[in-house]
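Report on the structure
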Amino acid sequence: KGPVFLGGNGSIDIGNNVSIRSRRFNMVEISVKPGGQLQIGDNVAINQGTRIACSSNVQIGSGCMIGDECVILDNDYHGLGAQPAKAGPVRLERNVWLATRVIVLRGVTIGEGSVISAGSVVAHPIAPYSLVAGVPARVIKSLKETAVLAGSGTSKSGSSSHPAPHTSSWSG
């Protein structure tokens, strides 16, 4: 819903059931430079104010949820002095949740099922099923047990439980 800015002459591949919630005064902006490749999987939600800058490769896996005003960059835009800008692929594996105002920098892979807390700056790879927070972002705890239990629908005691936040359906 709403206007989306698309810039550049790169390649964009968008999966099925992708939701982009954008507002006229807080628009989603996507820029894919010539030679760049942006891949967005199925069932992805991208919220207002998010900016994606792709000069080489950005992959957003199926089931990812991207909160308001997130920034995903696979490049530094410019180098220091005479050095050229650095770039490196960014990969969000399946079912990653970026909360509001998360920044993901070049060369980062965020593992499947990870949850990145609001305001975090992710500058290094994140293992699957991690809860991450901070500047710079650090792993707070592993969500492996939660993810396994959410998939089975039971808790440690064997009683019914609700899915973990990163596995639940979401609508914006």
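No experiment lies behind these values; they were computed from the predicted model shown.

This part takes up the overall build of the chain. Looking only at helices and strands, the chain features one helix and 18 strands. Here the chain, with 172 residues, has 38% of them falling under the buried criterion. Expressed as a percentage of contacts within the chain between residues at least 6 apart in sequence, the contacts between residues at least 24 apart total 30%. Only carbon and sulfur atoms are counted for the fraction: they give 53% of the accessible area of the chain, which is about 9200 Å².

Among the surface-exposed residues, Val4, Leu6, Ile12 and Ile14 lie close enough to one another that they form a single nonpolar patch of about 330 Å² accessible area. Among the structural elements, Ile14 can be located in strand β2 (residues 11-14).

Moving on, we come to unusual backbone geometry. Of note, the bond from Val135 into Pro136 is cis; its omega dihedral lies within 30 degrees of zero at -5°. The residue Pro136 is located in the loop between β17 (130-133) and β18 (138-142) in this model. A positive phi angle is found at Asn95, which is not glycine, with a value near 60°. Inspection of the secondary structure puts Asn95 in the loop between β11 (90-92) and β12 (97-98). The backbone phi angle of Tyr129 is positive, close to 55°, even though this residue is not glycine. On the basis of relative accessibility, which here comes to 22%, the residue Tyr129 falls in the partly exposed class.

Before going further, it helps to spend a moment on the sheet that holds strand β3 (residues 19-20). Overall, mixed pairing links the seven strands, which are arranged β3-β6-β9-β12-β15-β17-β18 in an open sheet. A strand with exactly one partner marks an edge of an open sheet, and here the two such strands are β3 and β18.

Taken together, the four bridges between β17 and β18 define a ladder with antiparallel strand orientation. Bridge pairing in β18 links Ser130 to Ser142.

With that settled, the discussion passes to the side chain of Ser114. Tracing the sequence through the fold places Ser114 in the loop between β14 (109-110) and β15 (115-116). Judged by relative accessible area, Ser114 falls into the buried class, the value being 0%. In terms of polar contacts, Ser114 uses its side chain to reach the backbone carbonyl oxygen of Gly111, at 3.0 Å. At 3.0 Å, the side chain of Ser114 forms a polar contact with the backbone oxygen of Ala127. Discounting chain neighbours no more than four positions away, the residues touching Ser114 are Asn95, Val96, Trp97, Ile126, Ala127, Pro128, Tyr129 and Ser130.

The rules we used
Residues numbered from 1 in each chain as written. Predicted model: local features only at pLDDT ≥ 70, side-chain atom pairs only at ≥ 80, totals over all residues. Heavy atoms only, no water. Helix = DSSP H or I, 4+ residues; strand = E, 2+ residues; numbered from the N terminus. Buried < 20%, exposed > 50% of the residue type's maximum accessible area, 1.4 Å probe, protein only. Contact = heavy atoms within 4.5 Å. Areas by Shrake-Rupley, 256 points an atom, 1.4 Å probe, with all protein chains shown as cover. Patch = residues over 30% accessible without salt bridge, like charges linked within 9 Å, V, L, I, M, F, W, Y side chains within 5 Å. Salt bridge = Lys/Arg side-chain N within 4 Å of Asp/Glu carboxyl O. Pairing = 2+ DSSP bridges. Polar contact = N/O pair within 3.5 Å; in protein donor to acceptor, adjacent residues only side chain to side chain.

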